[in-house]
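Structural characterization, general
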Amino acid sequence: MYHWTRIHCKLEFLSKERLSETITASHRSAAGAQPGLPTSPTPGRPTAAQPGPSPARGPIPAAGPPWPGPGGRAGPSRGTRGGSRSIRRRGGRRRRGRPAARGRRTAPAPSPGLRLIISKASQRIPMSSRPVSAREYESSDQFPGHSASPPVPNSSETEGLIFYHMDLYGSNERFDIFPEEPSGQGSRFLGNTRRESALSSEKCQNSHEAGYDMEKEVAELAKMYGLDEDREKELELLGGHLETVGSKWLPAHTQKSGLQDSVYNRSKSSSPVKDQSKSTKHQELPDEVSQDEDQHKARTENEADSHTWFREGLSSSGVSDERSSQAVSEEEEMADVFCCTCKIPIRAFDKLFGEHKDHEVAQLSSAVESEKEEIHKNMCKLEEQIAQVENFASHLEEIFITVEENFGRQEQNFEVHYNDAVQVLAQKYEEQLEALGEEKKQKLEALYEQLVSCGEHLDTCKELMDTTHKLYQENDKVTFMKEAVTMVDRLEKFLKKEVNLKLSTHPDFEERAIDFSEVEQLMNSINTIPAPCAPVINPQAPNAATGTSLRVCWGLFSDDTVECYQLCYKPVSNERHSDEQAEHMLKVKETYCTISNLLPNTQYEFWVSASNASGISPPSERAVYVTAPSPPIIKSKKIRSCENAALVCWESRDVNPVDSYTVELSKLTDEENGDIITESIVGIPNCEALIHLQPAQSYHICVKALNLGGSSERSEPVLIHTTGTYFCLNEDTAHPLLAILDDGFTIACDELENPECDLPVYDNSFTRCIGILGSLIPFPGKHYWEVEAEEDTEYRIGVAFENTPRHGYLGANNSSWCMRHIITPSRHKYEFLHSGMTPDIRITVPPTKIGILLDYESYRLSFYNADIAQHLYTFNSHFQHYVHPCFALETPGTLKVHTGITVPPWTALL
Amino acid sequence: MALKQVSSNKCFEGFQKVFEHDSTELKCKMRFGIYLPPKAETAKCPVLYWLSGLTCTEQNFITKAGFQQAAAEHGLIVVAPDTSPRGCNIEGEDESWDFGTGAGFYVDATEDPWKTNYRMYSYVRDELPKLINANFPTNPERMSVFGHSMGGHGALILALKNPGKYKCQWGKKALGGYLGSDVSKWEAYDATQLVKSYPDSHLDILIDQGKDDQFLSAGQLLPDNFIAACTERKIPVVFRLQQGYDHSYFFIATFINDHIKHHAKFLNA
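Definitions and cut-offs
- Residue positions are given per chain, counted from 1 along the sequence in the order it is written.
- Naming scheme: in the order in which they are written, chains are lettered from A and ligands are numbered from 1.
- The predicted nature of this model means local features are confined to residues of pLDDT at least 70 and side-chain atom pairs, given and counted, to a pLDDT of 80 or more, with totals for whole chains, interfaces and linings taken over all residues.
- Excluded from the side-chain calculation are hydrogens and water; included are all heavy atoms of the structure.
- UniProt positions are given in the numbering used here, feature names are shortened, and annotations may be inferred rather than shown by experiment.
- Each residue is assigned to one of three classes by its accessible area relative to the maximum for its type, calculated with a 1.4 Å probe on protein chains only: buried under 20%, partly exposed between the two thresholds, exposed over 50%.
- Strands are runs of DSSP state E lasting at least 2 residues, helices are runs of H or I lasting at least 4, and numbering of each runs from the N terminus.
- Any pair of N or O atoms that falls within 3.5 Å is considered a polar contact. Within protein, one atom must be able to donate a hydrogen and the other to accept it, and sequence-neighbouring residues count only if both atoms are side-chain atoms.
- At least two bridges found by DSSP between two strands is the condition for calling them paired.
- Each patch is built from residues lacking any salt bridge and having more than 30% relative accessible area; the joining distance is 9 Å for like charges and 5 Å for nonpolar side chains (Val, Leu, Ile, Met, Phe, Trp, Tyr).
- Only the protein chains shown count as cover for residues, with accessible areas throughout obtained via the Shrake-Rupley method and a probe of 1.4 Å.
- Salt bridge criterion: a side-chain nitrogen from Lys or Arg within 4 Å of a carboxyl oxygen from Asp or Glu.
- Counted as positive: Lys and Arg. Counted as negative: Asp and Glu, with His and the chain ends omitted from the count.
- By convention, charge coordinates are those of NZ in Lys, CZ in Arg, CG in Asp, or CD in Glu.
- A pair of aromatic rings is counted whenever rings of Phe, Tyr or Trp (Trp by its six-membered ring) have centres within 6.5 Å, and the orientation is called stacked for planes under 30 degrees apart, edge-to-face for over 60 and tilted otherwise.
- Every residue is assigned a pLDDT by the predictor, reflecting its confidence on a scale from 0 to 100.
- Two residues qualify as a contact provided that any one of their heavy atoms is within 4.5 Å of a heavy atom in the partner residue.

Here we look at the UniProt feature "active site" (unreviewed entry) in chain B
The UniProt record marks B:Ser149, B:Asp213 and B:His247 with the feature "active site" (unreviewed entry), using the residue numbering of this structure. Residue B:Ser149 is classed as buried on the basis of its relative accessible area, which comes to 9%.

What follows is the structure, given as structure tokens:
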């Protein structure tokens, strides 16, 4: 409410200052210095008044007395701003009322005294505004009649009065009495206390008078003053809201105490004071009704009750009542039985002879017991009720806070939207006024022009008239005639000109429709939700992708209301025709989505927009996600291994490159459980890995490809035994005449007709020597293999660098080391060739299974007759590079290569 | 059979010693050199017998060949006996360098006046191994024999005539069989002939021949005959004709390591 008021004021200012300023400015420019238009503020007024607080709620400062609040600061000089102030203070008072309510709750059964005082307070409102009279009656406390009235505890009196009176009836007079009090509340508190004591004394006085001098006084007063007049005044004083309960007590009151009051009013107090308080009260009461209805009701009820009570009290006071109470006390002394019918204790004697003769009686003590029990029960019920009410009260308190919070939220919302609306309105108003002013200016200018031309015309007319008149009086005939002719011509000409007497402009202004549509739209939009902002798409989370699916996540701004999201994606393409790539769109309710059926290892672009009933957001930034690669394929035929290592090659199935590969090893145990990964090698950039292994074991090895999106499935595993050295033949190096049989390890040559034939030759193959290279693992240590040959097969076997000349013979150069077997007419001849040189060595038993031991660590290459473990020859050479096994046939025949053989122990010595 | 230590020298953590004893076969005092590798202090070791060539004594090999390092490495006891009985006062024993003293040829003589003393074959085959086995930490199951020149031939004879006795086979330097000289009488000691009658091929013979050996070019060494015989009998032989080497101990020293390793392969297998 406060904010609205502020807006309201703002609007008024706008309309008053800015608008009038612009208007007057336009007037000044249009028609010179003119006084400000008296109607200028009017456009602002109705707008401001429409949603504003009803005038009844706020005091009208100009009409009222100085504001009677505790601070006493607000005055009529504040003008319209006083309106907002008054509202604020009311809120403040309500808040102050809450602790008072709490205090009252802790005393769940208000004493009759308290209620009485409350009633007296409201009853004596007009009196309370006259401290002078109240003080005079303080002495009347000692009057004997007051004992009949119920006791009045001062403490509860104060409490109750604080709650009700606050600043309602505070007056400047009272502040004059306690000017030194620092705070408004403190002064009010004391003031109220004082006032209440005065009131109670009044009451006593009233009852006293009512009891003894009622009739006489009434008669006198009726005589002295008009009864009707007094009654009217009384009604006025009590205010409209008291009339609701007035029916109950008013007749008696006006007749008894009410008349008393008027006595004092007339006799002892000055009427101006009373009038002042009366008028204040009248202004206040409507506010009270509309603002604090609950409080008011409760008070009204209390008042009603207490008035009733009070009337009874009044009626019971008197000599007869006094005597009867005395009789009761006498009976209690002597009673020994209890009459159940009459519900009174009686003497046993009465039971036998008195009026209770036929009544049912009980022993007094037992009757007391049962009655006490009854009371106890009721007490329990009361306690329960207390607890209930207390709970409810605390709940109410929570609601209080919630209401405040909700109010704050709503208030802010309204402020924002109404501010917008007001701005729009102001702008509209300005535009309209400007247009209006412009029109006015044009009109005035047109009119002025016309006026000027009229004046000119008039001048011309007058001049003509004068000239004609002079001519008319000319005596000289000749001259007359001379001039008359020209004059008549001139007159004719002039008169021929039509006089334009039409208004060039109308005083009415154009009809200007006041267009509220925009404001209406604004007002309507107050409760509708705004369209959401663009969502924020998350970058790809690692390992959230598979080869064919992606999980995309995004977020929204928390204030947005979103019904669904539109997720779009398309594959990223380097080509310029990427627009041709189909875009896909999905509607998603959640802030994530898993898209499947995608291509492996492919980049996709994603963007998302949110939508609700009000519209759709702009799309988010584009995020690029990539699917995981396909599992690689291990080239099982190209696996090489030795006792301590294996070299595994694979190929990727995807077109796009992947980030890295991971090799997973599982050592096979006797339990044949190959599923447990015993070792992983990560971050392999190439499609090849040299893996260190333990000798004489079996391993399952598989490969996974990785990219940003995640890792592929595992490749098919390959089995590797680290028993001896395993290699395969490199077919690319084979001479065209050399054939590799199906087992992959037997080379054969059928004919040697023309070794340097025109057969197709590959880049890497041997051209002269019918040979082939094996692919040995590039790993230090010992490597042993055997070659099986027929006794009459001529061959060269040994090792060679990978780049050994393909056009030469093995052993003929310094990049190969060979054992050569040739058959001479007399014998088998064995040569151990390197750089074409051989030692002269005779071997008596032609070996058919040649063992070859390559030992990088001791720089040796040894040949053995593996059948009989006979050492044949050893090359000692520091191999600068890793070498490969080489095999060549010089006569038709076959050589069978055996790999995966443990190095025989007898090779250790030679 | 008391042994009298003549000398003892520490060598490659082992000891090179020379002993003297009275030989029952040869009826004279005989000396032999023995190298005890460091391993012999704690374990029984195989024994490798070296048969020297003409004119040699036990000293030549132990001072010139430089075998001790390889023997120490492989843990072999190497015994180098003398090449013939000495001081037997047989007439004409010192007249020729290649007959009599220093030229026992490792045969048992059957003719007077030699047949009493010149029983080198029996001495090397029986008496000496017994003596060695009784006095040194040897493994009697594992013994081998090799030699140079005449001793090489002797080694071949010993091996071929006693299949199985020598666990392993025969190194032989500069095949020292005078195979053409005493054909009728010495047929039984002709290594080539023996090869032909050798019952199985359970031998591994390594022969190094200096190509510039003066005796080879003089036709006194006929390795081709032996190789042919071995080829025929499928006795595995690697015969290495070493370019530029002669018959000397320099040649021996060059290849002694190969031969000791060769024997060690079998003796330590």
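What follows continues from the structure just given.
Examining the side chain of A:His871
Structurally, the position occupied by A:His871 is in strand E32 (residues 870–876). Side chain to side chain, A:His871 and A:Thr874 meet in a polar contact 2.5 Å long.

A look at the sheet that holds strand E4 (residues 536–537) of chain A
Residue and element names in this part refer to chain A. Strands sit in the order E4-E5-E8 across an open sheet of three strands; the sheet is antiparallel. Unpaired on one side and paired on the other, E4 and strand E8 (592–595) mark the two borders of the sheet. Sheet topology note: the E4/strand E5 (residues 550–555) ladder contains two bridges and is antiparallel. Each residue of the ladder has a partner; that of Val536, found in E5, is Gly555.

A short note on a negative patch on the surface
On the surface, a cluster of negative charge is made up of A:Glu431, A:Glu434, A:Glu438, A:Glu445 and A:Glu449. Along the polypeptide, A:Glu431 turns up in helix H17 (residues 364–472).

Digging into the packing of aromatic side chains
Here the structure, examined in full by the defined rule, presents 26 aromatic pairs over all chains. A centroid spacing of 6.3 Å and a plane angle of 90 degrees characterise the contact between B:Phe61 and B:Phe146, whose relative ring orientation is edge-to-face. Here B:Phe61 is found in helix H1 (residues 58–64), whereas its partner B:Phe146 is found in strand E6 (residues 138–148), with 85 residues between them in sequence. Among the residues examined, B:Phe61 registers a relative accessible area of 0% and is labelled buried. By way of ring pairs, the aromatic residues A:Phe801, A:Trp817, A:Tyr856, A:Phe879 and A:Tyr882 are connected into one cluster.

Regarding the confidence of the model for chain A
All names here are of chain A. When the pLDDT values of chain A are averaged, the result is 70; 59% of them are 70 or greater. Element-level mean pLDDT values for chain A span from 39 in helix H4 (residues 112–123) up to 94 in strand E26 (residues 795–801). Predicted confidence for residues 196–204 stays below pLDDT 50, and this span has 25 contacts to residues more than four positions away or in other chains. Note that residues 239–293 has pLDDT below 50 and, in this model, 110 contacts with residues that lie over four places away or in other chains.

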